[in-house]
Number of protein chains: 2
Amino acid sequence: MSVKLLKEHLKRISKFQSASNLLHWDMLTNMPVAAGSWRAEVIGEISAHAFELFISDYTAELIDKAESGDLASQDKRVVELVKKDYSRLKKIPYELYKTFQIETSRSQKAWEEAKTKDNFDIFEPYLERVIKLLKEIIESIGYEDNRYDVLLDRYEPGLKTSELVNIIKELKTFLVAVVPEIEEKTLPLKRGVFEGCFSVYKQYKMAEEFLKLLGYDFNRGRLDTSEHPFTAFIGLGDVRITSNFKLDNLSHGFFALIHEFGHALYDLNIPQEFYGLPLGEGASMGIHESQSRFWENIIGRSFSFWEFARPIFVRHFPQLDSFTEEEFYNDANVVKRSLIRVYSDEVTYNLHIMLRFEIEEALINDRLSVKELPGVWNAKMKEYLNLVPINNRDGVLQDVHWSSGAFGYFPSYMLGNLYSAQIYYAMRSDVSEFDELVSKGDFTPIVNWLKEKIHKKGKLYDPKELIRIATGKEFDTSCFVRYIKEKYLGV
Amino acid sequence: MSVKLLKEHLKRISKFQSASNLLHWDMLTNMPVAAGSWRAEVIGEISAHAFELFISDYTAELIDKAESGDLASQDKRVVELVKKDYSRLKKIPYELYKTFQIETSRSQKAWEEAKTKDNFDIFEPYLERVIKLLKEIIESIGYEDNRYDVLLDRYEPGLKTSELVNIIKELKTFLVAVVPEIEEKTLPLKRGVFEGCFSVYKQYKMAEEFLKLLGYDFNRGRLDTSEHPFTAFIGLGDVRITSNFKLDNLSHGFFALIHEFGHALYDLNIPQEFYGLPLGEGASMGIHESQSRFWENIIGRSFSFWEFARPIFVRHFPQLDSFTEEEFYNDANVVKRSLIRVYSDEVTYNLHIMLRFEIEEALINDRLSVKELPGVWNAKMKEYLNLVPINNRDGVLQDVHWSSGAFGYFPSYMLGNLYSAQIYYAMRSDVSEFDELVSKGDFTPIVNWLKEKIHKKGKLYDPKELIRIATGKEFDTSCFVRYIKEKYLGV
């Protein structure tokens, strides 16, 4: 019985987090422009209150009480996760926590301005402060080998920097070798399928239809638009997707939609009884990204998918009728080294992540200063992608993550790519006539597989263990390598 | 200096209220259907936390500290208002407060169901509990003459039930005498201007245009749709309007829009430095309704307004071109006793309020039981409006107020009507060429008058005092009587 009080306490805290999630979603979708500064204060106050409740002595007391009783295995996991978070967060001085919240709000605004004006100098002092505070937080929490381990652990529990370095080394060798060959095999069409002039309203209506066909439950969600597409887990029965539809491009908004659908499906399938507890979220951000990247790339960029999707595209946009399924498929799969991570293809995407990881790891360990950042960025772009940005907007200023203090997040995308391939091959051997199902638009067996093997588990397992249980083998890079070889090199 | 801490404390509390306002707005505009029960818990948690912070001993301490120093006159008013609220709310046991919040959430859901199914029995036990709890709250707070005084004071500070009874007596005598005559003078057109088939999207676009022409600031607000139109004061720089556009009727959505615009304009013009303090809201709900009813009726149903508005309506809905300004005006001013308060005209509207007041005053003072309610409702409808509803949906179940525990609110609408007429005549004598301005759509002098005389004062004064200062005379019913006589009887 004694764990009950702990669970109630955690659920109570989650209500404040839920409010904060809505405030944040609204800020990015609906909020009038003049409301920004007050909104930042409200979010800060609510988050700080949730933090205070969590690091209170009362939490420690309830953990002790819970441990003194007999615990069912799920409750054991609850206590284990709470203890881990508690011991980590409790070490952060309250004032430092609050300052970090406020500084990262300010820093995001500065980054926006810097990006708009293509002026890194505006962002530089803010980023310096964020990194300084982050290092103070890391020092408060403590670490064994590498400061970066603390950051990684937030997003990918249990993963060490040294392991990540090995994964990257393997993958980099492979990619550097194959990218030029794949680029030659996937030349773009002269007239692109997805370029032209496409009513934003019609794109929205088509997106709604696709979400329904994929199995998104509009009774528990919505589709809106925002500058950067995202998924908001607002509360029980409330997981909302956004995308951003562009008049001159049909694929950006569409693949963003499918990507966010993957995130939303994960959150929606986590068991209700986990909600408000540490079990009630994804196993890690890497696993979360595996779900979004699975739908975006492995399903959404497969040939079978375009057999299914082409007629729907043509119905909404009759001007596309002259394109064949092959052309849709090919145009969705052009591999070409480019400047911008979010628009990059599934092969070169990981190279974008690697350079970001190297830079942030060096910044956090004082081997690189913020001042040197633009130069180092451009040098690494040359090294990894053989391209040099002509401005910082399309270079070091392109991503929001650092301004918000989310150092350590980028590897999640790469891990997501790797996990998704391993999940894919396991699923294919369980689900018969996989390609036929996709080409008919019958996604139920796929959704059910993901639900049973991944979603339903919530945070019961750390990511590596979850992958082992779900796929029947240890996590490694081989499935992703196989996937790329099969898809692009016909091996 | 010592008042500074009190003000900071109040502003902190207002951040939780602000979050709660957004949660509520979202619930009525955007929320997925399945999210309702979790949302109710989140709102309950956040509101209860704001309540706890407010009734804490810390607040009492800060009040004492503030009073020990020299106070500027505005700060004196802050302390006065806080003390009044504190001494009232402090007396309510926390558990009772929380139970009331939860019960009224449940009761609103039951009311919805009862109304949909036209079944009063579903609502009856919930309403009984709400009234029981409300009486307990009133007994905790204490009162001199009449339990209802406590309810009135929440919405109309300083007003006594006995005064209200006198106002109603005067007004009732007048209205009962003139309504039949006015009804004969304002017969509806054979083919109504506002009935037909009107694209909801076009209505929305026209509504946007009207809001801009009236001076609504979209940088600090939005227009959305919801089942019941309302205005949400979400936070600093964030006051949002909703309306509800019907395919078969153009006037309901339009007048609701203009009504809500009046509320929003008030909130938007309250000085920023009052925000988060008790000064940062309207003087009373009656004064608030005076602003909405002023725009809806006195401006929006004037002949000059239709000289201005007709071309805009015709541009959006060319099928209206055959109607003259007079026809628009006449159709917007048909007086006819009807069943539904929100659709009633400005003359008979007050009769709807009177019967509601009599019923709720009797309920709260144990002279009437919930069981007797439908019968008493119908009898009073017969007495006041010479109509008997054929079902409870269009009778006793039509309004949400009682289910949400908002007993004592209805008189605000009537007071708003009365205040608005007194404000109107004061404004007319200050603003030259009033009718010409309205017919040209130049609302700036009117907006500025309201801003200077009413909005800018926030809650510096109690309503009666504010009316005296703003209009130069004591509040009474004479202006409203004059307005009705001039407009409808050509006196």
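For the structure itself, consult the block above.
A.B. asks: Explanation requested: the overall build of chain A in the structure shown.
C.D. replies: Secondary structure summary: chain A contains 20 helices and 3 strands in total. A compact globule built from 491 residues would reach a C-alpha radius of gyration of about 23 Å, and chain A, at 22 Å, matches this within 12%. Summarising its shape, the C-alpha atoms of chain A cover approximately 65 × 50 × 45 Å along the three principal directions. Scored against the burial criterion, the 491 residues of chain A give a buried share of 59%. Of the contacts made within chain A by residues no fewer than 6 positions apart, 73% connect residues no fewer than 24 positions apart. Here chain A displays about 20000 Å² of accessible surface, and carbon together with sulfur accounts for 50% of that area. Computed over 63 positive and 74 negative side-chain charges, the inter-centroid distance for chain A is 1 Å.

A.B. asks: Explain the interface of chain B and chain A to me, please; I cannot follow it from the model alone.
C.D. replies: Buried accessible area, meaning the area lost when the parts come together, often serves as the stated size of an interface. Taken together, the contact between chain B and chain A spans 37 residues of the former and 37 residues of the latter. A buried area of about 3000 Å², summed over both sides, lies between chain B and chain A, and 63% of it is on carbon and sulfur atoms. Looking only at chain B, the three residues that lose the most surface to chain A are K15(B), W38(B) and E45(B), adding up to 24% of its buried area. Along the contact surface separating chain B from chain A lie 10 salt bridges. In this structure, E45(B) engages K15(A) in a salt bridge whose closest nitrogen and oxygen atoms are separated by 3.8 Å. Viewed at the interface, chain A and chain B are joined by 17 residue pairs in polar contact (both at pLDDT 80 or more).

A.B. asks: Whenever I open this one, the packing of helix α5 (residues 94-117) of chain A against helix α6 (residues 120-141) of chain A confuses me. Can you help?
C.D. replies: What describes two packed helices is the angle between their axes and the distance between those same axes. All names here are of chain A. Direction vectors running N to C along α5 and α6 enclose 150°, while the axes themselves pass 8 Å from each other. By the angle class used here, α5 and α6 are roughly antiparallel. As α5 runs across α6, the sense of the crossing is left-handed. Along its contact with α5, which presents L96, T99, F100, E103, T104, R106, S107, A110, W111, E113, A114 and K117, the element α6 presents I122, F123, Y126, R129, V130, L133, L134, E136, I137 and S140. The residue makeup of the contact of α5 with α6, split by class, is 12 nonpolar, 4 polar and 6 charged.

A.B. asks: What should I look at first to understand the packing of aromatic side chains in this one?
C.D. replies: For the structure on display, the rule yields 90 aromatic pairs over all chains. Ring plane angle 0° and centroid distance 3.6 Å describe the contact between F51(A) and Y97(A), whose orientation is recorded as stacked. Within this pair, whereas F51(A) is found in helix α2 (residues 36-54), its partner Y97(A) is found in helix α5, the two being separated by 46 residues in sequence. With relative accessibility at 4%, the residue F51(A) sits in the buried group. When its relative accessible area of 16% is taken as the criterion, Y97(A) is described as buried. Between Y424(B) and F434(B), the ring centres sit 5.7 Å apart and the planes meet at 70°, which makes this aromatic pair edge-to-face. A residue pair is termed long-range when its members are at least 10 positions apart, and Y424(B) in helix α16 (residues 410-430) and F434(B) in helix α17 (residues 434-440) qualify at 10 residues. Taking NZ or CZ as reference, R240(A) lies 4.4 Å from the ring centre of W25(A), over its face. The aromatic ring of F218(B) is capped on one face by K212(B), whose charged end is 5.7 Å from the ring centroid.

A.B. asks: Would you mind going over the sheet that holds strand β1 (residues 223-225) of chain A with me for this structure?
C.D. replies: Where strands meet in a sheet, backbone hydrogen bonds hold them as pairs that are either parallel or antiparallel. Residues and elements named next belong to chain A. Overall, mixed pairing links the 3 strands, which are arranged β1-β3-β2 in an open sheet. In the strand order of this sheet, the two ends are held by β1 and β2 (231-235), each with one partner. Geometrically, the sheet is characterised by an average inter-axis angle of 30° between neighbouring strands, direction not taken into account. Pairing between β2 and strand β3 (residues 238-243): 4 bridges, direction antiparallel. Looking across to β3, one finds that A232 is bridged to R240. Relative to β2, helix α1 (residues 2-29) is tilted by about 140°, and along the sheet it contacts β1, β2 and β3. Across the face of the sheet, helix α10 (residues 251-269) comes into contact with β1, β2 and β3 while running at roughly 170° to β3.

A.B. asks: Explain the sheet that holds strand β1 (residues 223-225) of chain B to me, please; I cannot follow it from the model alone.
C.D. replies: All names here are of chain B. In space, the 3 strands of this open sheet follow the order β1-β3-β2, with mixed pairing throughout. The sheet is open, and its two borders are formed by β1 and β2 (231-235), each paired with just one other strand. For this sheet the average axis-to-axis angle between neighbouring strands, irrespective of direction, equals 30°. Pairing of β1 with strand β3 (residues 238-243), which is carried by 3 bridges, proceeds in the parallel orientation. Its bridge partner lying in β3, L223 is registered against I241. Taken strand by strand, helix α1 (residues 2-29) contacts β1, β2 and β3, and its axis lies near 140° from that of β2.

A.B. asks: I tried to follow the relation of the copies chain B and chain A on my own but got confused; where do I start?
C.D. replies: Each of the two copies of the chain can be brought onto the other by a rotation about an axis and a shift along it. Note on the copies: chain B fits chain A at an RMSD of 0.0 Å, the axial shift is 0.0 Å, and the rotation between them is 180°. Here the symmetry operator amounts to a two-fold rotation axis. Considering only C-alpha atoms, the part of chain B nearest the rotation axis is A19(B), at 3.4 Å. Comparing contact sets, 100% of the residues at the interface of chain B also lie at the interface in chain A, consistent with an isologous, same-surface contact.

A.B. asks: Would you take a moment to explain the packing of helix α14 (residues 349-364) of chain A against helix α15 (residues 373-385) of chain A for this structure?
C.D. replies: Residues and elements named next belong to chain A. Between α14 and α15, the least distance of the axes is 10 Å, while the angle of their chain directions is 145°. Considering the relative orientation of α14 and α15, their crossing is right-handed. Residues L351, H352, M354, L355, R356, E358, I359 and L363 of α14 form the contact with α15, whose own contacting residues are L373, V376, W377, K380, M381, Y384 and L385. When the residues that make up the contact of α14 with α15 are grouped by side-chain class, the tally is 11 nonpolar, 1 polar and 3 charged.

A.B. asks: What should I look at first to understand empty space enclosed by the protein in this one?
C.D. replies: Once rolled over the atoms, a probe with the size of a water molecule shows which space is left empty. All names here are of chain B. Going through the model one piece at a time under the given rule, you end up with 7 cavities of 30 Å³ or more. Its volume calculated, the largest cavity comes out at about 100 Å³. L236, G237, D267, L268 and I270 are, among the 14 residues lining the largest cavity, the residues nearest its centre. Listed by contribution, the elements that provide at least two residues to the lining of the largest cavity are β2, β3 and α10 (251-269). For the lining of the largest cavity, the per-class residue count stands at 7 nonpolar, 4 polar and 3 charged. One number sums up the size of the second largest cavity: a volume of about 60 Å³.

A.B. asks: Would you take a moment to explain the side chain of H263(A) for this structure?
C.D. replies: Residues and elements named next belong to chain A. Mapped onto the elements of the fold, H263 is located in helix α10. Within polar-contact distance, the side chain of H263 engages the side chain of H288 at 3.0 Å. H263 has contacts with T231, H288, E289 and S292, leaving out every residue within four places of it along the chain.

A.B. asks: Explain the environment of K380(B) to me, please; I cannot follow it from the model alone.
C.D. replies: Residues and elements named next belong to chain B. Topologically, K380 is positioned in helix α15 (residues 373-385). Residue class for K380 comes out buried when judged on its relative accessible area of 17%. Sequence separation between K380 and R468 is 88 residues; the distance between their C-alpha atoms is 34 Å. Those residues within four positions of K380 in sequence are excluded, and the remaining contacts are L355, E358, I359 and L385.

A.B. asks: When you look at the environment of C197(B) in this model, what are you seeing that I'm missing?
C.D. replies: Its location among the elements puts C197(B) in the loop between α8 (161-185) and α9 (200-214). Among all residues touching C197(B), those that are not within four sequence positions of it are L247(B) and Q319(B).

A.B. asks: Where do I start with the pattern of salt bridges in this structure?
C.D. replies: Side chains carrying opposite charge are able to pair once their charged atoms draw close together. Under the definition given, this model contains 90 salt bridges over all chains. E67(B) is the salt-bridge partner of K83(B), the closest N and O atoms lying 2.8 Å from each other. Here E67(B) lies in helix α3 (residues 57-68) and K83(B) lies in helix α4 (residues 73-90), a separation of 16 residues in the sequence. For E67(B), a relative accessible area of 39% gives the class partly exposed. Here the salt bridges do not stand alone but share partners, grouping R12(A), K15(A), E41(B) and E45(B) into one network.

A.B. asks: What am I meant to see in unusual backbone geometry here?
C.D. replies: Backbone phi values are negative for most residues with the exception of glycine, while trans is the configuration of most peptide bonds. Residue and element names in this part refer to chain B. The phi angle at D366 is positive, at roughly 60°, despite the residue not being glycine. Relative to the helices and strands, D366 resides in the loop between α14 (349-364) and α15. The backbone of E433 sits at a positive phi, close to 55°, despite the residue not being glycine. Mapped onto the elements, E433 comes out in the loop between α16 and α17.

Basis of the calculations
Residues numbered from 1 in each chain as written. Chains lettered and ligands numbered in written order. Predicted model: local features only at pLDDT ≥ 70, side-chain atom pairs only at ≥ 80, totals over all residues. Heavy atoms only, no water. Helix = DSSP H or I, 4+ residues; strand = E, 2+ residues; numbered from the N terminus. Rg over C-alpha atoms; globule rule 2.2 N^0.38 Å. Buried < 20%, exposed > 50% of the residue type's maximum accessible area, 1.4 Å probe, protein only. Contact = heavy atoms within 4.5 Å. Areas by Shrake-Rupley, 256 points an atom, 1.4 Å probe, with all protein chains shown as cover. Lys, Arg positive; Asp, Glu negative; His and termini not counted. Charge placed at Lys NZ, Arg CZ, Asp CG, Glu CD. Buried area = accessible area lost by both parts, 1.4 Å probe. Salt bridge = Lys/Arg side-chain N within 4 Å of Asp/Glu carboxyl O. Polar contact = N/O pair within 3.5 Å; in protein donor to acceptor, adjacent residues only side chain to side chain. Axes fitted to C-alpha atoms, helices over the stretch in contact; angles between N-to-C directions. Parallel < 35°, antiparallel > 145°, perpendicular 65-115°, else oblique. Left-handed = near helix turned anticlockwise from the far one by under 90°. Nonpolar A, V, L, I, M, F, W, Y, C, P; charged D, E, K, R; others polar. Phe/Tyr/Trp six-rings, centres within 6.5 Å; stacked < 30°, edge-to-face > 60°. Lys NZ or Arg CZ within 6 Å of the ring centre and 35° of its normal. Pairing = 2+ DSSP bridges. Least-squares fit on C-alpha atoms with pLDDT ≥ 70 in both. 1 Å grid on protein atoms, 1.4 Å probe; cavity = no way out; pocket = protein on both sides within 12 Å on 5 of 7 lines; lining within 4 Å. Points joined across faces, edges and corners; volume = space filled by probe spheres on them.

Everything listed here is a matter of coordinates, which is why it stays silent on function.
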